[in-house]
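A structural walkthrough
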Amino acid sequence: MAKHEFQTEVNQLLQLMIHSLYSNKEIFLRELVSNGSDAMDKLNMLVLTDDAYKGIEFNPRIDIVVDKEAKTLTVSDTGIGMNDEDLVANLGTIAKSGTKAFMENLSGDQKKDSQLIGQFGVGFYAAFMVADKVEVTTKKAGEEKAYKWISAGDGSYEIEDAEKKGHGTSITMHLKDEDAEFLEARRIESIIQKYSNHIPFPIFMDKENFIPAETDDEGNETKPSSTEIKNEQINKASALWTISKSELKDEDYIDFYSSIAHDSSEPLTWMHNKAEGAVEYTTLFYVPSKAPMDMYRVDYAPGIKLYINRVFITDDDKELMPTYLRFLRGVIDSADLPLNVSREILQSNPVMSKIRNASVKKVLSELAKMMKKDKEKYNAFYAEFGNVLKEGLYSDMGNKERILELLQFNTINSDETTSLVDFVSSVDEEKKEIYYITGKMALNMLKNSPTLERFKAKGIDVLVMNEEIDTIVMPMVTEYKEYKFVNAADAVLDDSEEAKEKEEELSKEYEGLIGEFKKTLGESVSKVEVTTELTDSPVALKIDKEDPSYMMAQMMQQMGQMGEAPAIKPILQINPNHEILSKLKETSDINLVEDAAHVLLDQAKLFDGMEIDDTAEFVSRMNRIMSKAL
Ligand code: ADP
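These notes cover the structure that comes with them. Since the model is a prediction, treat every value here as computed from it, not as a measurement.

Bringing the nonpolar core into the picture now. Note on soluble globular proteins: their nonpolar side chains tend to be buried together. Membership of the largest hydrophobic core comes to 59 residues, with the highest contact counts inside it found for Leu325, Phe327, Leu328, Phe381, Ile434 and Phe485. The dominant element in this core, judged by the number of residues it contributes, is helix 9 (residues 350–373), at 9 residues. Split by domain, the residues of this core number at least three in each of domain 2 (240–386) and domain 3 (408–490). Dropping the residues within four chain positions of it, leucine 328 is found in contact with Phe285, Tyr286, Val287, Gly303, Ile304, Met321 and Val363.

Quick look at the environment of isoleucine 543 now. With respect to the secondary-structure elements, isoleucine 543 resides in the loop between strand 22 (539–542) and helix 19 (548–558). For isoleucine 543, a relative accessible area of 35% gives the class partly exposed. Counting along the chain gives 17 residues from isoleucine 543 to serine 526, while the straight-line C-alpha distance between them is 9.4 Å.

As summarised here, the arrangement of the 9 strands in space is 1-6-5-4-7-3-2-8-9, forming an open sheet in which the pairing is mixed. On the outer flanks of this sheet lie strand 1 (2–5) and strand 9 (231–233), each paired with one strand and no other. Strand-to-strand twist across the sheet, computed as the mean angle between neighbouring axes with direction ignored, equals 20 degrees. Both strand 4 (residues 131–139) and strand 5 (residues 146–151) contribute to a ladder of 6 bridges, which runs antiparallel. Bridged to threonine 137 within strand 5 is lysine 148. Strands strand 2 (62–67), strand 3 (72–77), strand 7 (168–175) and strand 8 (203–206) of the sheet are contacted by helix 2 (residues 27–49), whose axis makes an angle of about 25 degrees with strand 3.

With that settled, the discussion passes to the pairing of strand 4. In terms of burial, strand 4 is a largely internal element, 7 of the 9 residues being buried. Note: strand 4 against strand 7, 8 bridges, orientation antiparallel. By the bridge assignment for strand 7, lysine 133 is matched with histidine 174. The hairpin turn running from strand 4 into strand 5, its antiparallel successor, is 6 residues long, and glycine 142 in that turn takes a positive phi close to 90 degrees.

Cut-offs applied
Residues numbered from 1 in each chain as written. Predicted model: local features only at pLDDT ≥ 70, side-chain atom pairs only at ≥ 80, totals over all residues. Heavy atoms only, no water. Core = buried A, V, L, I, M, F, W, Y, C linked by side-chain atoms within 4.5 Å. Buried < 20%, exposed > 50% of the residue type's maximum accessible area, 1.4 Å probe, protein only. Helix = DSSP H or I, 4+ residues; strand = E, 2+ residues; numbered from the N terminus. Domains from an automatic or database assignment. Contact = heavy atoms within 4.5 Å. Pairing = 2+ DSSP bridges. Axes fitted to C-alpha atoms, helices over the stretch in contact; angles between N-to-C directions.

Spelled out as C-alpha cells, the structure:
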C-alpha cells in the first residue's frame, strides 16, 4: 500500500466540493457516467484500430449498484481502465488546462465560486460532494494487475493491489448521511434520464434492490428480501445526434448539452444538421449561454467531439472547427472517414475539410438567421462571443463577408447598433467608402473624438469600434463588397481646390501663432498646422503616416517585435474657426500663448485616450489661464 499526497490544486478543488457545493449535487452522477462513457469510447477505438487490442472483449455497459446497508453507491464501466501510474496521473493531479483555468478563477467567495462550477466540468472529484470516502477499483485493458485507489478527500490517497475480473473501472462512494437520497432507485433513474439518457452506451441498474428496506416490529431495518439481481436498462443509449430532429424535444437537446458540455445552464441555441450527398455526416452544435472560462486562453479545451459512425475518435482536436468558433460545443459524426485516421491525416483529409467547411458555413448562416429572427437572443450571443467571432476576419478569409455581416456596429448617428448590410444603405453611392474609427476606450469618449467632427458637420455616419480586437483587425479588413473601409482619420472628405486654397490662406494668417506654438512645444510635436476639418474642438492630434518613426513602429508591431518602439511625434492641428485660436492669434500676452499651447496639446492627448506627461504642470497652467479670465 502506498500513500500519496494530492497536488495543491486538487486539494483546493476537493475543499470546494466538500464544503461549498450544495445546490446541484446530483451532477456527480453525470460526471462519473460521462467518465465511464469516455473510457469505453477510448477502448472502442483501440479495439477497432490497434492490433494490440484485437483480442480484447468490448462489451460496453455501465452498472449502478446500491448497497443500502453499507450506504454505498457504485458506478462501474467496462472501459479502458487505469493502472497505478494512470491513477496517480489522473486522480491525483490536474493536468487539464480548463481545470487549472477554473482554479485560477476562484475568488474564495464560496457563493460566487459555486456558481462558477456550473460552467465547468467538475469531473471525478465531484464524487466527494456526496461521499466521505471514495474507492476506485480498476484494471487496465490488456494488463494483468488491478489496483484500488482510496481517499477520504483529506489531502491524501492510497493505492493498493486489488482483485478485479474484467477490465474497466468501478467507483464506490460511501455516501454521507445527508446524501442518503442517492440510495433511492427513482432518484438515480431520474438523474440518469436527465443527464445521461443519450450517452451511446447502456446503463443498467438493479431496481429491485432499491425497494425500501422492510422494518421489523421494533422499527429496526431488516435486509431487503430480494437479493436476486434484476438489472434493467435505465437510459435510451441512443446517440442523440443520430435521432431525427422531429423526434426530439427541446428538453432532449438541453439534457444532452448538459452531458457533453458539463454545463448545467441551458444552451443559448443549437443547430442539428444531417447532410446527405457526396459526403454524409451529422453535426450537432450548441452555442453556450455563457463563454467557456478558458475561451481566451491559448490552451483552451476544444468543445467538439468527433465520431466516426458513432465511434468516438477525439475531443481534443482544435482543428475540427476554426478557432474563432471555439465557443461551440457539440458533435461531428461521419461514416465517410476511415476509422484508423490519425490526427495528422485528419487535418489533411479531404472529407474532413469538406465537413469542416460546410459546418462553418452552416453555423454562420444559422447565426445570420438568428440575427434576423430573434434580435434579443442574437444580442445575448453577440455580447458573449462577438469579439471572438471578429478573429475570423483575419483567420478565415473565405468567410470574411459572412462574418462581417454578423457584426454589430455602433455609429455616430444612432444610439442603436447596426449591421453592415443596413449601414451601407446610407453610404455615399459615388464614393463607396465606409468610415470607421477604432480606439480602446469608453464608447462615448470615442464617439466624441475630434476626428469625427467633420463627419458630424456633414452628417456622414461613421462606425465606432471601441474594443481592443477592433484596433487589431480593422486595419486588415479593407473592403466589404464594392465598399472600401477607410479610417476616419485618413478620410479625405473635401479635396476641392477651393478647400485647399482656403486652408493655405488660413495657414498664412496663423503663421505667427503656429511659430509661437512650435517654439513652446518643441520636440513634443512634429508640426503645428491649421485644419479646416474641426468644428467644435480647438485642436486635434494627427499621426503622419509618412513619418519614419511611425513606419518603424508599424513594422515592429507587424513582425511581432517587442521592446522600445520609437516614440511617434504627433502633428498638432489647430482650428482657426475656434474662438480660442482666433483670440490667441490677436493677444500680445506671450505667457498666455505659452500656457495655452501646452494645455491645448494635453487636451488633445486626453481626447485620444493618451496620458499627459505632467499633470501638475497641466493644472498650474490651467489655473493661471483661469485667473486671467476672471
Ligand atoms: P476529465 O474527465 O474532465 O478529464 P476527471 O477529473 O473527471 O476529468 O478525470 C480525470 C481523468 O481520470 C480522466 O481524464 C481519465 O483519464 C481518468 N478517468 C476518470 N474516470 C475514469 C474511468 N471511469 N475510467 C478510466 N479513466 C478514468
